[in-house]
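Residue-level structural notes
Here's the letter readout for the chains.
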Amino acid sequence: RDFHVLCDNVNRFTINGTTGAATFSGNVGLPLGAIIDFSGRGNITHDASTFDIAFNTNSVANAFVVKGTGAATFSGNLGVGTSSPVGKLNVKSTYTSDTTTQQRFEDNTGCSLDFGGTASGHKWLNSRDTAAGTAVPMLFQTGGITRMTLDASGNLTLNTANSTLNVGNGGF
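Residues numbered from 1 in each chain as written. Predicted model: local features only at pLDDT ≥ 70, side-chain atom pairs only at ≥ 80, totals over all residues. Heavy atoms only, no water.

On to the overall build of the protein chain, then. Of regular secondary structure, the protein chain possesses zero helices and 18 strands. Expressed as a percentage of its 172 residues, the buried residues of the protein chain come to 15%. Contacts spanning at least 24 positions in sequence make up 6% of the contacts within the protein chain whose residues lie at least 6 apart. Here the protein chain has roughly 12000 Å² of accessible surface; of this, 55% comes from carbon and sulfur atoms. (Helix = DSSP H or I, 4+ residues; strand = E, 2+ residues; numbered from the N terminus. Buried < 20%, exposed > 50% of the residue type's maximum accessible area, 1.4 Å probe, protein only. Contact = heavy atoms within 4.5 Å. Areas by Shrake-Rupley, 256 points an atom, 1.4 Å probe, with all protein chains shown as cover.)

Set out below in structure tokens:
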């Protein structure tokens, strides 16, 4: 069953019920506070005072909300690369090579934490300056205090209450 949005009795937007393909014709505009209803299976609402847009299912109100400020909230589990997420955030990718990053978390300074794996099932974690393409130290913290550091050369430093233990270069 196709979904249509009409404007002045002219079909402006269609989602094909079989393929999911969307088509636009002309300009699509909805008045402030508009509600698009999907025959009791859910709706999209627009709050005219906050400019929030909420996507609702027949069982969950505000399942996905894009706030007028640009922030977004999501109720339930979010899947990227999977239609059956098993946790709050489930990211699934397809293995392509032993060195291909499969997931990346990147901050606004250009540093990233990459996750990947090998054909034999081994997993890897990589801390890097994405822009420069260089390794950066990986810090392990509890309570905001660095407890262990793996530097860019592969040296591991363990911090204890009384001293620092350096592990690297063939010994303790």
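Now, onward.
The sheet contact formed by strand 16 (residues 145-150) and strand 17 (residues 156-159) spans three bridges and is antiparallel. Directly across from Thr-149, in strand 17, lies its bridge partner Thr-157. Here strand 16 hands over to strand 17 after five residues, with Gly-154 in that stretch at a positive phi of 95°. (Pairing = 2+ DSSP bridges.)

Right, let's get into the sheet that holds strand 6 (residues 53-57). Paired through backbone hydrogen bonds, the strands of a sheet run either parallel or antiparallel to each other. The antiparallel open sheet is built from five strands, whose spatial order is 4-5-6-7-8. The open sheet terminates on both sides in strands that have one partner only, identified here as strand 4 (35-37) and strand 8 (72-74). Across this sheet, the average inter-strand angle for adjacent strands is 10°, counted without regard to direction. Strand direction decides the pairing type here: strand 6 and strand 7 (residues 64-66), joined by three bridges, are antiparallel. Paired with Ala-54 across the strands is Val-65, a residue of strand 7. (Axes fitted to C-alpha atoms, helices over the stretch in contact; angles between N-to-C directions.)

Our focus in this paragraph is the pattern of salt bridges. Counted according to the given criterion, the structure contains two salt bridges. Note that Asp-52 and Lys-67 form a salt bridge whose closest N and O atoms lie 3.7 Å from each other. With Asp-52 in the loop between strand 5 (42-46) and strand 6 and Lys-67 in the loop between strand 7 and strand 8, this residue pair connects regions lying 15 residues apart in the sequence. For Asp-52, a relative accessible area of 16% puts it in the buried group. You can call Lys-67 partly exposed: its relative accessible area is 33%. Between Asp-114 and Arg-104 there is a salt bridge, with its nearest N and O atoms 2.7 Å apart. Highlighted residues: Asp-114 in strand 12 (residues 111-117) and Arg-104 in strand 11 (residues 103-106), separated in sequence by ten residues. (Salt bridge = Lys/Arg side-chain N within 4 Å of Asp/Glu carboxyl O.)

The relative placement of two aromatic rings is captured by the distance of their centres and the angle of their planes. Within the structure shown, the criterion is met by three aromatic pairs. The interplanar angle of 85° and the centroid separation of 5.9 Å between the aromatic rings of Phe-105 and Phe-115 together place this pair among those described as edge-to-face. Note that Phe-105 is positioned in strand 11 and Phe-115 in strand 12, a separation of ten residues in sequence. For Phe-105, a relative accessible area of 49% gives the class partly exposed. (Phe/Tyr/Trp six-rings, centres within 6.5 Å; stacked < 30°, edge-to-face > 60°.)

Our focus in this paragraph is the pairing of strand 6. Residue alternation in strand 6 divides its side chains into a buried set, Ala-54 and Asn-56, and an unburied set, Ile-53, Phe-55 and Thr-57. Turn length for the strand 5-strand 6 hairpin, with the two strands adjacent in sequence and antiparallel, is six residues, and the turn residue Phe-51 shows positive phi of about 65°. Taking the residues that link successive antiparallel strands as the turn, the strand 6-strand 7 hairpin has six residues, and the phi of Asn-62 there is positive, at about 55°.

On to unusual backbone geometry. A negative phi angle characterises most non-glycine residues, just as the trans form characterises most peptide bonds. You will see that Phe-51, though not glycine, has its phi angle at about 65°, which is positive. Considering the arrangement of structural elements, one finds Phe-51 in the loop between strand 5 and strand 6.

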